[in-house]
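Listed below, chain by chain, are the residues.
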Amino acid sequence: MIIALDGMGGDHAPGEIIKGALESLNEFQDIHIHIYGDEEKMAPYLKEHERLTVIHCTEIIEPDDEPVRAIRRKKDASMVKMAQAVKENQADAGVSAGNTGALMAAGLFIVGRIEGIERPALAPTLPTVDGQGFVMLDLGANADAKPNHLSQYAVMGSIYAEKVRGIKNPRVGLLNIGTEEGKGNELTKAAYQLLQEAPINFIGNVESRDLLTGAADVVVTDGFTGNMVLKTIEGTAAGFFTMLKEVYYSSMKTKISAALIKNELGGLKKKLDYSEYGGAGLFGLQAPIIKAHGSSNGRAIYNAIRQARTMVQHEVTKTIHETIGKGSEQ
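What comes next concerns the included structure. (Residues numbered from 1 in each chain as written. Predicted model: local features only at pLDDT ≥ 70, side-chain atom pairs only at ≥ 80, totals over all residues. Heavy atoms only, no water.)

Describing the sheet that holds strand β6 (residues 125-126)
Here is step 1: Taken together, 5 strands build an open sheet; the order of strands is β6-β7-β10-β8-β9 and the sheet is mixed. Each having just a single partner strand, β6 and β9 (201-206) make up the two edges of the open sheet.
Here is step 2: With 5 bridges connecting them, strand β8 (residues 171-175) and β9 associate as parallel partners. Bridge pairing in β9 links R171 to N201. (Pairing = 2+ DSSP bridges. Helix = DSSP H or I, 4+ residues; strand = E, 2+ residues; numbered from the N terminus.)

Re the sheet that holds strand β12 (residues 289-291)
Here is step 1: Spatially, 7 strands are ordered β3-β2-β1-β4-β12-β11-β5 in an open sheet, and the strand pairing comes out mixed. Unpaired on one side and paired on the other, β3 (52-56) and β5 (121-123) mark the two borders of the sheet. Going from strand to strand, the sheet's axes swing by 25 degrees on average, the running direction of each strand aside.
Here is step 2: Of the strand pairs in this sheet, strand β4 (residues 93-96) and β12 are connected by 3 bridges, and their pairing is parallel. By the bridge assignment, S96 is partnered in β12 with K291.
Here is step 3: Contacting β1 (2-6), β2 (32-37) and β3, helix α1 (residues 15-27) runs over the sheet at an angle of about 170 degrees to β2. (Axes fitted to C-alpha atoms, helices over the stretch in contact; angles between N-to-C directions. Contact = heavy atoms within 4.5 Å.)

Regarding the pairing of β2
Here is step 1: With 5 of 6 residues buried, β2 is to be regarded as a mostly interior element.
Here is step 2: As judged from the 5 bridges shared by β1 and β2, these two strands associate in the parallel manner. Paired with D6 across the bridge in β2 is Y36.
Here is step 3: Taken together, the 5 bridges between β2 and β3 define a ladder with parallel strand orientation. If you follow G37 over to β3, its bridge partner there is H56. (Buried < 20%, exposed > 50% of the residue type's maximum accessible area, 1.4 Å probe, protein only.)

A closer look at the pattern of salt bridges
Here is step 1: In this structure the tally under the stated criterion is 6 salt bridges.
Here is step 2: Ionic pairing is found between K74 and D65, a salt bridge with its closest N-O pair at 2.7 Å.
Here is step 3: Take D65: its relative accessible area is 19%, and that puts it in the buried class.
Here is step 4: Between D76 and K81 there is a salt bridge, and its shortest N-O distance comes to 3.8 Å. (Salt bridge = Lys/Arg side-chain N within 4 Å of Asp/Glu carboxyl O.)

Right, here's the structure in full:
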C-alpha cells in the first residue's frame, strides 16, 4: 500500500511531517510512503528508509493562497503532486496538513468525486467524554447543503464509523435545535424524512449540548453549522485549559496541587484533542484523502496516515460507491 504525503503542508512542515512519516513506517510494515516536497528543505529531517520515497517539488501552496487558483496555477506544488499521484493510482491514499480549501479543491478537481455523490464532506472524529469519539460531517467542505446532501453524508459517515472505527450498527443523528421530529428549519425537517428512509441506523435529532456526551456515533449537518461547532469545541477546550492554568498557578498551594495531578491533566488534554483520532476525511472522493490539522505535530501526522491506511484496508471508498450507487438507482 502506498500513501502519498504532502511534505510541505502545515505549520510545522517539513520536520513534523517527516517525523510522523517515519513513525508510521516503523509501526506499519505494509505501507510505503511517497513524500512530496522541496528536497533541500526536507533533507535535514530525512532518514534513509527502504519504504520512503522522496519526490521533489518546486512549489508550495501557502495558507493564504486562494484555493482554486493555487491548485490550477501551482502545478508543481507538493499538494497538487500528491493529489495527482492518488488520481493516477500511483498511491492508494493521500494525506496533507496544508491549506484546507486548496486540499478540498485538489480533491474535487484532481482526485474527483465518487459517481452519485453530489458533494464531498469534511469529516473529522471529534472527542467525547468517554474517549470513544464521534464522526461529524460536514465541517466545512460546503457552506450550504440540501436535504439529499445530508442523507449522503449520513450514509458515508455510517460506513466510515463501521469500517474504520469498528462500531457495529453506528447511531446516526441529525444536528438540530431540539430532539423532537418537528424541530428545525426547512433543511433539517426535509433531511429528517430522507434519513428515516436511508440505509442507516437513524436515531433522530441530536442537540449540540449532547455531542460530547456521545449522543450519536455519527452526526450530520451543513458545512456552515458544522464548522462553527468545530471552532466552538476547539475554542472552549483551549479556553478551559487557559483558565485552569491560571487557577493552578495563582498560589504556591495550587502550584503544588498542579504538580501532583500533572499527568492526569495531560491525559484530559489529550482526550480533548481530536487529532488523536486522525485527520478529517474528505468523504465522497474516488480515493481516501485525509486533511490533518494545520498545527499537526509528528504524532498527529502518524494518526492521519494510520487513518488513511485503515480506510484503504477496509475499502471504504468502494463501499460508499456501492451503497450510494444502489440508492441512486432506486
